[in-house]
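Chain by chain, the residues:
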Amino acid sequence: MAGNVTVPGGDGTVWTDVSDLLRKACEELGEGEMIYGENFSFFAAMSALEIMDPKMDSGMDNGKYNSIDEAIESGVAPIPLSPDKTMDVLCVIDVMDHLLSCEATWHKGHSLAQTLFSCFYLLRLDRTSSHPLLHSYCRVVRATCNAVISLVSEARTHEEEDLFTMAFGLPLGTDKGDGCLSFLTAVEETLCRQLRACKAPTTKKMVLEDVEPLQPNLDLEEGFCKALLCRLRFRKHFYHLLLCLRKPQGKGLELARKHISFCMSEFERIRASSEFLTSVASTSNSDGGSVRTTASGRQPIGFDPNLNLRSSAPAPPRAIKTLSWEEALEYFAKLLYDIDTVCSFPLDPSLENILRLIVQFQKSQPDLVARAHLQLLLVQDGKLYGRDPIFSVICRAASLPISLKDHDIQKNEAVVQLGQLEMAFEKEFGEFSNTSHDENIPTKLAKHILIWVEEQVYWIALRFLLLGFELDLYSHTDFCMVYWYIYVVSVKLVENTHLRLLASKDRVKKKGKKKRDSMLDNTTDYHFPPAVMLLQCYVYLAEGLTMMLAALRNDRKAFLCSGPFNTEHERFLQHFEHLQKACLPDNITYISFKECTARASLLGLITNNHFKDAQRIVGELKNSFANDPDRMSELRQIELIAERNSIALNIISRVGSIDPTLKVSFEFTLHPAFAVAIVKRS
């Protein structure tokens, strides 16, 4: 500690200046990195309270008013919003736009009390009954809140957005939607008549004289009618979309996609109305200093983000930053795109295809509401798509014999929960063997299901490791150990996938051929299934990158973990702690990693080029996947990674040990997880 030490110490206390140590640690740490300690792991950091995070640490700004009634009496939420009818319509549109921004902010994980229900008109909906435009919009917004909260609560996909479903005692109401939709439709019809009246030729004006205009300035009437109609119609179709998605067994998906199309069309009209509303607002009090949450650029009437702070969060309250109007439009456009992707899911009971689609869906980084819709589509009443029992889906995925799919073992609680299967089968074997005519049935089920379960566990472990690259959790000094762990996990995945496919193939042979024919087949050359060979390509990529990095570390002292904090062993535990606790795989430790990479050298890499092995398998697989464009694209990706790394490996091996100016870096231009080596002279 620099300067005079004022902290008292006891007998025998020796103070040491650690300023240089702390300064060096600060220089070493990059943005988002942390110092790992035994009592504060990366997992604990993810669960910690972050000071100054507006979602969790809300501050102590209590606002101007002590209650809603006090605020309303002070005139912050008048009805009508302005004595001037033209300004009243503009103010209503501002409220609609700001509510959309608040809704997007809420969907992003902020408190409902500090976003949508910072609006006095939503909190006191009965006050708006004399204003049909505002009342219809606020009613459908409250109904939408109810629907979204119900959706997310049932799907239980809001771990990181744990404030999302908290209502904080707010008046969400019991309106189920039918009433608000009928009222909104009536207001929409009135607006349509007003729009037709202002667009009608002069000769037809007499017929439409009974239609009262929105406001007295007829030059602005058409623009206001269009701006209001597109906002009300978006709300109507968005609410219909939510209702369609809740229909069982995916029966509402086709209609939901039609409502998505309508929502997108209305979105374009909402965006287009900005120019008109901005021109109108330029003659009034436009506020260009703060975040623009309305199309007009004006600050809306009837909002106070600090109003509900005392009951809004399990931490001292702080005003949050609401998304801008443009950001809200972008959020809802992406939400509609993600929901449309969910609606386009083929209701295929194949678990392998479902997992592929989920991984593909995850790449778009969907937000909470879209993830909740996918969750409820996949699992309804404990069944896949609400139709196929989970045990039946597992039997199909695990290639179980048809005769075993209706066995009583599926009623066993351990099988239903898919937890601790191996122990459960051992415990229940006696019971099943006493009641079953075929004593081998429990053994067969245990064998097939456990192989499948282990395969899925290693598939999840592999996804866990690969996602670390996409989330930037790995430093370049960690790449060697990460690729090594990917390699050992991939090997186990290949083994279990091969065992499952072999069991399925053997059963088909026994069913369709005589024993003599099966014996003849044993003399023929065996070919590995294409699915296994494709996984083997990734094994070779991971092994090749591991050994290349290990050789660079050993021969050129590159990509080494240095610094006073976080030794390589500690970083190994930090990244793989959960896998180590689950023994995935067995007997894999930091010592195993060091033993496997200790002898890697640049000269030895040429004779054992794993990238060339990957290229060879890709060439063999192209005919097998000729009719699958996704797999062909994946093969081409693997081929390019292997080809470029093989070239880089040749250059490094030939001149790397004698040319100190040669610099090697890694880029993720072809794949988010498997890097390509770039060799340059400095």
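Cut-offs used in this document
- Residue indices begin from 1 for each chain and proceed along its sequence in written order.
- Two thresholds apply to this predicted model, a pLDDT of at least 70 for residue-level local features and 80 or more for giving and counting side-chain atom pairs, whereas whole-chain, interface and lining totals are computed over all residues.
- For side-chain calculations, the full set of non-hydrogen atoms in the structure is used, while hydrogens and water are omitted.
- Strands pair, by our definition, only if DSSP identifies at least two bridges between them.
- A helix here means a DSSP run of H or I that spans at least four residues, while a strand means a run of E at least two residues long, and both kinds are numbered starting from the N terminus.
- Salt bridges are identified by distance alone: a Lys or Arg side-chain nitrogen within 4 Å of an Asp or Glu carboxyl oxygen.
- Using a 1.4 Å probe on the protein chains alone, a residue whose accessible area is under 20% of its type maximum counts as buried, one over 50% counts as exposed, and one in between counts as partly exposed.
- Only rings of Phe, Tyr and Trp enter the pairing, Trp through its six-membered ring, and a pair is recorded when the two centres are within 6.5 Å. The plane angle decides the type: under 30 degrees is stacked, over 60 is edge-to-face, the rest tilted.
- Every helix has an expected span of 1.5 Å times one less than the residues it contains.
- Any two residues whose heavy atoms approach within 4.5 Å are treated as being in contact.
- Every axis corresponds to a line fitted to the C-alpha atoms, with the helix fit spanning only the stretch in contact, and the corresponding angles, defined between N-to-C directions, vary from 0 to 180 degrees.
- Geometric relationships in this document are graded by angle, where less than 35 degrees denotes roughly parallel, more than 145 denotes roughly antiparallel, 65 to 115 denotes roughly perpendicular, and other angles denote oblique.
- All amino acids are sorted into three groups, where Ala, Val, Leu, Ile, Met, Phe, Trp, Tyr, Cys and Pro are nonpolar, Asp, Glu, Lys and Arg are charged, and the leftover types, Gly among them, are polar.

**So, the sheet that holds strand β2 (residues 383-384)**
- The strand order β1-β2-β3 describes an open sheet built from three strands, whose pairing is antiparallel. The strands lining the two open edges of the sheet, one partner per strand, are β1 (379-380) and β3 (388-389).
- Summarising the sheet, β2 and β3 pair through two bridges and their orientation is antiparallel. Bridge pairing in β3 links Lys 383 to Pro 389.

**Considerations on the pattern of salt bridges**
- Within the structure shown, the criterion is met by 25 salt bridges.
- The partner of Glu 222 in a salt bridge is Lys 226, and the shortest N-O contact between them spans 2.9 Å. With Glu 222 and Lys 226 both in helix α8 (residues 218-245) and four residues apart, this pair spans about one turn of that helix.
- Of the charged contacts in the structure, one is a salt bridge between Glu 568 and Arg 553, with a shortest N-O distance of 2.3 Å. Of this pair, Glu 568 sits in helix α20 (residues 568-581) while Arg 553 sits in helix α19 (residues 530-556), placing them 15 residues apart in sequence. Considered together, Glu 568 and Arg 553 belong to a single accessibility category, that of buried residues.
- Connected through shared salt-bridge partners, Glu 188, Arg 233 and Lys 236 make up one network.

**Let's talk about the packing of aromatic side chains**
- All told, the structure shown has 26 aromatic pairs when counted by the stated rule.
- Measuring from ring centre to ring centre gives 6.5 Å for Trp 484 and Phe 572, while their planes differ by 45 degrees; the resulting arrangement is tilted. With a gap of 88 residues between them, Trp 484 in helix α17 (residues 479-512) and Phe 572 in helix α20 connect regions that are remote in the sequence.
- When its relative accessible area of 3% is taken as the criterion, Trp 484 is described as buried.
- Ring plane angle 25 degrees and centroid distance 4.4 Å describe the contact between Tyr 485 and Phe 576, whose orientation is recorded as stacked. Residue Tyr 485 is found in helix α17, and its partner Phe 576 is found in helix α20; the two are separated by 91 residues along the sequence.
- With relative accessibility at 0%, the residue Tyr 485 sits in the buried group.

**A short note on helix α10 (residues 325-343)**
- Between the first and last C-alpha of α10 there are 27 Å, a value that for 19 residues agrees with the 27 Å anticipated at 1.5 Å per step.
- In this structure, the buried side of α10 is in contact with α4 (85-107), α8, α9 (253-281), α11 (351-362) and α12 (368-378).

**Let's talk about the pairing of strand β4 (residues 662-667)**
- Where burial is concerned, the two faces of β4 differ: the one with Leu 662, Val 664 and Phe 666 is buried and the one with Lys 663, Ser 665 and Glu 667 is not.
- Of the strand pairs in this sheet, β4 and strand β5 (residues 676-681) are connected by six bridges, and their pairing is antiparallel. Residue pairing across strands places Glu 667 opposite Val 676, the latter belonging to β5.

**Observations regarding the environment of Thr 157**
- By the secondary structure assignment, Thr 157 is in the loop between α6 (132-155) and α7 (178-199).
- The exposure class of Thr 157 is buried, given its relative accessible area of 13%.
- Sequence separation between Thr 157 and Ala 372 is 215 residues; the distance between their C-alpha atoms is 5.9 Å.
- Those residues in contact with Thr 157 that sit more than four places away from it in its chain are Val 152, Leu 368, Arg 371, Ala 372 and Gln 375.

**Remarks on α6**
- Here α6 is 24 residues long and its end C-alpha atoms lie 35 Å apart, about the 34 Å a rise of 1.5 Å per residue gives.
- Here α6 lies mainly inside the structure; 18 of its 24 residues are buried.

**Focus on the packing of α19 against helix α21 (residues 590-597)**
- Across the interface, α19 lies against α21 with an axial gap of 10 Å and an inter-helix angle of 75 degrees. One element, α19, and the other, α21, form an angle in the roughly perpendicular class. The segment α19 lies against α21, with Thr 546, Met 547, Ala 550, Arg 553 and Asn 554 engaging Phe 593, Lys 594, Cys 596 and Thr 597.
- Among the residues making up the contact of α19 with α21, the classes are represented as four nonpolar, three polar and two charged.

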